[in-house]
Amino acid sequence: MAKNKVLRVVTLHMKAAEAGPANVGKDLGPLGINLMEFCRRYNALTADRRGHVVPAVVTVYEDRAFDVTVKQPTTASLIRQAAGLAGGSPRPGHQSGGVVTTAQLREVAAAKLPDLNTGDLDQAVKIVAGTARSMGLTIVD
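Computed from a prediction, not measured in an experiment: that's the story for all the values here.

## Points about the pattern of salt bridges
So, point 1. Tallying each qualifying case throughout the model produces five salt bridges.
So, point 2. The residue Glu-37 makes a salt bridge to Arg-41 at a minimum N-O spacing of 3.2 Å. Here Arg-41 and Glu-37 lie together in helix α2 (residues 35-45), a separation of four residues that amounts to about one turn.
So, point 3. Salt-bridge contacts for Asp-115 lead to Lys-112; the nearest nitrogen and oxygen are separated by 3.8 Å.
So, point 4. The class of Asp-115 is partly exposed, set by a relative accessible area of 33%.
So, point 5. Overall, Lys-112 belongs to the buried group, its relative accessible area being 8%.
So, point 6. Through salt bridges with shared partners, a single network forms among Glu-37, Arg-40 and Arg-41.

In structure tokens form, the structure reads like this:
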């Protein structure tokens, strides 16, 4: 049986396993999908990634059915965990938010590689390093 026509595709960034109708209602409520069913699916898919912000791609069809696909945690979330930080700098470029090593960046790049637009680990490290610099972190060898 063929799928119905796609009504909309929505990407949400939420903390893993912490989705609730109050969190997603303003984004998904107007589309008419069952919010509790979405929350149950998202929380089940992301239960092993607690502590990270995990993007979810929600495809909504005309008959109000939907599919949920989760991606790797955000790069910033992975960097914060690898460096042991609560967040980045309040003023990037003016004030350092912490220090991250090249080895930590390589570890984050390896985890994030399936979602990046490159297959080369060295290029992926450069992408992750750019995110770290945007967060106000200092990169050391």
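That shown, we press on.
## A closer look at the sheet that holds strand β3 (residues 66-70)
So, point 1. Taking strand neighbours across the sheet as the criterion, the three strands line up as β1-β2-β3 in an open arrangement whose pairing is antiparallel. Strand pairing shows two members of the sheet lacking a second neighbour, β1 (6-15) and β3, which therefore form its edges. Adjacent strand axes in the sheet meet at a mean angle of 20° when their direction is disregarded.
So, point 2. The sheet contact formed by β1 and strand β2 (residues 53-61) spans nine bridges and is antiparallel. Bridging from a neighbouring strand, Val-9 pairs with Thr-59 of β2.
So, point 3. Running at roughly 25° to β3, α2 makes contact with β1, β2 and β3 of the sheet.

What counts as what
Residues numbered from 1 in each chain as written. Predicted model: local features only at pLDDT ≥ 70, side-chain atom pairs only at ≥ 80, totals over all residues. Heavy atoms only, no water. Salt bridge = Lys/Arg side-chain N within 4 Å of Asp/Glu carboxyl O. Helix = DSSP H or I, 4+ residues; strand = E, 2+ residues; numbered from the N terminus. Buried < 20%, exposed > 50% of the residue type's maximum accessible area, 1.4 Å probe, protein only. Pairing = 2+ DSSP bridges. Axes fitted to C-alpha atoms, helices over the stretch in contact; angles between N-to-C directions. Contact = heavy atoms within 4.5 Å.

Just geometry here; none of it tells us what the structure is for.
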